[in-house]
Amino acid sequence: MTTATEARSGKGHRDENFPVASHLIHPRHRGPILDFYHFVRAGDDVADNAGLSPEKKVALLDGLADALTGKGPDDPEAAPLRRSLAERGLPPRHALELLDAFRMDAHKSRYESWDELAHYCRYSAVPVGRFVLDVHGEDPGRTWATSDAICTALQVINHLQDCGKDYQNVDRVYLPRETLEKHGARIEDLGAERATPALRAVIGELAQRCLDLLEEGRPLPDLIDDTRLAMEIAAIHRLAVLLARGLTVRDPLSEKVHHGKAAFAFTALAAAATALARRPFRRRLHPALRGARP
């Protein structure tokens, strides 16, 4: 296996747990976001490929980085994003930070503490939200902090939903050792058909931390100037809250935590509609917006 393309899993943006550039996003912005997603997906597939050594994974990730920045040969996985960044005058920073997260995945499979996991999320999740905001021309000073909180929560929710598969398929455990030990849980519990009470307590505690982060990020739709993006983020936020609540009471090893398609669509549309209804009042709700675009 000599290229990132050969490592592709076949997974696409429609297979993700949360919407990726849904049709709520204006068509002029969907292209760059999807180019970003496909580049990141290629890197993620390299990091998750069980047939590659850590050294080979890093070499392929380095090749993607060099292709994106023009320091190395072109790569079909990087070319569309490189063009989009050039057209928008955007730097490759966020995509390169995600490659840093995948390099971590190539060598690291255990996390000691919540702070260590949050550091990983700073590179594996936070850049996604920042890129989407940059594509829309949003004010970083006003939006990045709340976006970072939401993105970190989304990443940890994904880890909790997939904790059994991550352990069994790639021997990767994102549940912090300190939290496992606090509740008397063992890493090996992740290989069972059902979670033990101790593991359920670990998952419940981490899900509650996600709910705290989502509460921190709740103002974000009101802080965004682009109405369609505000609706998209409101939908994602509401879906994340429901999933995190579900993880406080359900067992991801034996139960499906994710919403069905109908419930998924209804919840997302209801949240988007609520965000739209709030638009006329957002300056009253958030004084810092009084100088923002209508």
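Residues numbered from 1 in each chain as written. Predicted model: local features only at pLDDT ≥ 70, side-chain atom pairs only at ≥ 80, totals over all residues. Heavy atoms only, no water.

### Here we look at the domain arrangement of the protein chain
Thought 1: Per the domain assignment, the segments of the protein chain are domain 1 (27-107) and domain 2 (109-279).
Thought 2: A separation of 23 Å is found between the C-alpha centroids of domain 1 and domain 2.
Thought 3: Counting residues at the interface gives 20 residues for domain 1, matched by 22 residues for domain 2.
Thought 4: When domain 1 packs against domain 2, close to 1,800 Å² is buried across both sides, 64% of that on carbon and sulfur atoms.
Thought 5: Across the domain 1-domain 2 interface, the total number found is three salt bridges.
Thought 6: Note that Arg122 and Glu97 form a salt bridge whose closest N and O atoms lie 3.0 Å from each other.
Thought 7: Where domain 1 meets domain 2, there are seven residue pairs in polar contact (both at pLDDT 80 or more).
Thought 8: The leading source of residues in the side of domain 1 that touches domain 2 is helix H4 (residues 93-107), at nine residues. (Domains from an automatic or database assignment. Contact = heavy atoms within 4.5 Å. Buried area = accessible area lost by both parts, 1.4 Å probe. Salt bridge = Lys/Arg side-chain N within 4 Å of Asp/Glu carboxyl O. Polar contact = N/O pair within 3.5 Å; in protein donor to acceptor, adjacent residues only side chain to side chain. Helix = DSSP H or I, 4+ residues; strand = E, 2+ residues; numbered from the N terminus.)

### Some words on the pattern of salt bridges
Thought 1: Taken as a whole, this structure holds 22 salt bridges when the rule is applied.
Thought 2: Measuring nitrogen to oxygen at the nearest pair gives 3.0 Å for the salt bridge that ties Arg282 to Asp225. Within this pair, whereas Arg282 is found in helix H14 (residues 282-285), its partner Asp225 is found in the loop between helix H11 (220-223) and helix H12 (227-249), the two being separated by 57 residues in sequence. Asp225 matches Arg282 in its accessibility class, with the two residues each being buried.
Thought 3: Residues joined by salt bridges that share partners form a network here, namely Asp139, Arg142, Asp225 and Arg282. (Buried < 20%, exposed > 50% of the residue type's maximum accessible area, 1.4 Å probe, protein only.)

### Observations concerning the environment of Tyr123
Thought 1: Relative to the helices and strands, Tyr123 is located in helix H5 (residues 114-124).
Thought 2: Ignoring anything within four residues of it in the chain, the contact list for Tyr123 reads Glu97, Leu98, Asp100, Ala101 and Met104.

### Quick notes on the environment of Ala149
Thought 1: With respect to the secondary-structure elements, Ala149 resides in helix H7 (residues 140-161).
Thought 2: Relative accessible area serves as the criterion here: at 5%, Ala149 is assigned to the buried category.
Thought 3: Considered as a pair, Ala149 and Arg82 are 67 residues apart in the sequence and their alpha carbons are 27 Å apart.
Thought 4: Setting aside chain neighbours within four positions, we find Ala149 in contact with Leu213, Glu216 and Gly217.

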